[in-house]
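Each chain, letter by letter, is given below.
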Amino acid sequence: MNLSESSVRSSDSPAIQTDVCQLKIGFIGAGNMAFGIAQGIIASGKIPPSNIIISAPSTNNLPRFQERGVSVTHSNEEVVERSRLVFLAVKPHLVPKVLNGISRNVTQEHIIVSMAAGITLETLEELLPAGTRVVRMMPNLPCVLLEGALLLASGSCAGEEEETLLKTLLSPCGLVEAGPEPWIDAHTGLSGSGVAFVYVFAEALAEGAVKMGMPSALARRIAAQTILGAGVLLRDTGKLPAELKAEVCTPGGTTIHGIHALEKGGFRAAAMGAVEAATERARELGKK
Ligand SMILES: NC(=O)C1=CN([C@@H]2O[C@H](COP(=O)(O)OP(=O)(O)OC[C@H]3O[C@@H](n4cnc5c(N)ncnc54)[C@H](OP(=O)(O)O)[C@@H]3O)[C@@H](O)[C@H]2O)C=CC1
Ligand SMILES: O=C(O)[C@@H]1CCC=N1
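Residues numbered from 1 in each chain as written. Chains lettered and ligands numbered in written order. Predicted model: local features only at pLDDT ≥ 70, side-chain atom pairs only at ≥ 80, totals over all residues. Heavy atoms only, no water.

It is worth spelling out the domain arrangement of the chain at this point. Taken as a whole, the chain is organised into domain 1 (3-180) and domain 2 (194-286). Computed from C-alpha coordinates alone, the two centres of domain 1 and domain 2 are separated by 33 Å. Contacts between the two partners involve 10 residues from domain 1, matched on the other side by five residues from domain 2. For the pair domain 1 and domain 2, the summed buried area comes to about 470 Å², and 62% of that belongs to carbon and sulfur atoms. Taken together, the links from domain 1 to domain 2 amount to one salt bridge. Close ionic contact of glutamate 147 with arginine 235 constitutes a salt bridge, the shortest N to O distance being 3.0 Å. Linking domain 1 to domain 2 there are one residue pair in polar contact (both at pLDDT 80 or more). Looking at the side of domain 1 that touches domain 2 residue by residue, the class counts come to five nonpolar, four polar and one charged. (Domains from an automatic or database assignment. Contact = heavy atoms within 4.5 Å. Buried area = accessible area lost by both parts, 1.4 Å probe. Salt bridge = Lys/Arg side-chain N within 4 Å of Asp/Glu carboxyl O. Polar contact = N/O pair within 3.5 Å; in protein donor to acceptor, adjacent residues only side chain to side chain. Nonpolar A, V, L, I, M, F, W, Y, C, P; charged D, E, K, R; others polar.)

What follows is the structure, encoded as structure tokens:
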């Protein structure tokens with residue numbers, strides 16, 4: 001893609017005039033999510049790994065980036081100086097400290113993309129120079145395997161053009177959507193945290209089979225494949241969960257007996273409550 005397709009500009013902000021292939025990308029924080037997003041960007045083949053730079057205080061996580069041709073540093077300021085698009089991938093409580101450290105290096109040429117759970121656009125904008133183009137993003141762990149689900153929301157100086165650039169860049173990571181900021185916290189519950197809820201379900205399914213006599217390693221493999229297959233069917237057929245459920249439930253058969261047990265256990269309310277609790281926690285993390 002060239003920037004005739006993606007000339008990235010908000011009303012009062014400078015356009016990024018370079019080709020997307022030339023875009024310099026930085027990551028502050030080199031943990032699991034930075035790795036997932038960087039993998040997706042590299043997999044797209046549009047950005048050479050040498051155009052990506054990443055920082056972390058220790059060397060614990062840097063070698064896996066280095067092995068892929070990404071530049072590494074311990075200096076967050078160097079990341080900002082050498083990049084135009086900067087992903088902030090540190091834990092939420094570190095965001096103020098990190099932004100205070102880089103703020104004087106940030107210009108209106110930069111786009112700052114935070115993936116920190118709960119940290120609001122308002123807080124990010126307060127911690128950065130006036131006029132900074134800021135985007136909040138919530139990814140999830142399967143980005144690592146290019147099967148993620150990401151939601152974007154733009155700050156007051158960013159908008160459709162920044163979102164278009166990010167969608168193009170991040171689409172190899174999985175599903176990328178944009179929406180109003182309040183949806184980011186809900187997406188955190190549904191998908192960012194939701195991945196872990198699915199693992200709890202996977203564990204419980206497998207343990208059910210172990211209880212019924214199956215060896216645990218086999219039960220775990222089958223649980224994983226069952227969740228994968230069910231997810232792909234749901235995504236690729238476009239059918240409602242209820243429709244697919246009806247296709248599995250033979251009247252008087254095994255499935256409906258199992259579903260009755262789930263309903264008696266309050267499974268549906270528990271799952272809804274988990275998304276609600278995680279969303280509320282994201283909102284709490286965002287409070288100043
Ligand atoms: N994990 C997940 O599933 C999801 C996480 N998120 C969000 O992504 C963000 C990152 O999470 P995750 O990748 O899991 O976290 P990790 O703990 O895996 O990684 C955090 C990274 O931040 C680095 N770091 C710590 N202090 C600094 C600093 N002062 N300057 C620069 N880098 C620093 C760490 O360095 P070092 O390598 O030296 O330890 C580490 O590389 C969080 O805000 C989280 O809310 C969002 C969605 C899903
Ligand atoms: O648990 C957390 O706070 C982060 C955000 C979403 C997934 N992990």
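Moving on from the coordinates now.
What follows covers the packing of helix H8 (residues 182-192) against helix H9 (residues 194-211). The N-to-C vectors of H8 and H9 enclose an angle of 25°; their axes lie 5 Å apart at closest approach. In terms of their interaxial angle, H8 and H9 are classed as roughly parallel. Listed contacts from H9 to Thr188, Gly189, Leu190, Ser191 and Gly192 of H8 are Gly194, Val195 and Phe197. Classifying every residue of the contact of H8 with H9 gives three nonpolar, five polar and no charged. (Axes fitted to C-alpha atoms, helices over the stretch in contact; angles between N-to-C directions. Helix = DSSP H or I, 4+ residues; strand = E, 2+ residues; numbered from the N terminus. Parallel < 35°, antiparallel > 145°, perpendicular 65-115°, else oblique.)

Let us now look at the UniProt feature "binding site: NADP(+)" (unreviewed entry) in the chain. In the numbering used here, UniProt assigns the "binding site: NADP(+)" (unreviewed entry) feature to Ile28, Gly29, Ala30, Gly31, Asn32, Met33, Ala89, Val90, Lys91 and Pro92. The largest pairwise C-alpha distance within this set of annotated residues, which runs over 65 residues, is 14.2 Å, so the set is compact in three dimensions. Among the secondary structure elements, methionine 33 is positioned in helix H2 (residues 32-43). Beyond its immediate chain neighbours, meaning those up to four positions away, methionine 33 contacts Met115, Pro139, Asn140, Leu141 and Cys143. (UniProt positions renumbered as here; feature names shortened; annotations may be inferred.)

Another aspect to go through is the sheet that holds strand S1 (residues 25-28). Reading across from one edge, S3-S2-S1-S4-S5-S6-S7-S8 is the order of the eight strands in this open sheet, with mixed pairing throughout. The open sheet has two edge strands, strand S3 (71-73) and strand S8 (174-178), and neither has a second partner. This sheet shows a mean twist of 20° between the axes of neighbouring strands, independent of strand direction. (Pairing = 2+ DSSP bridges.)

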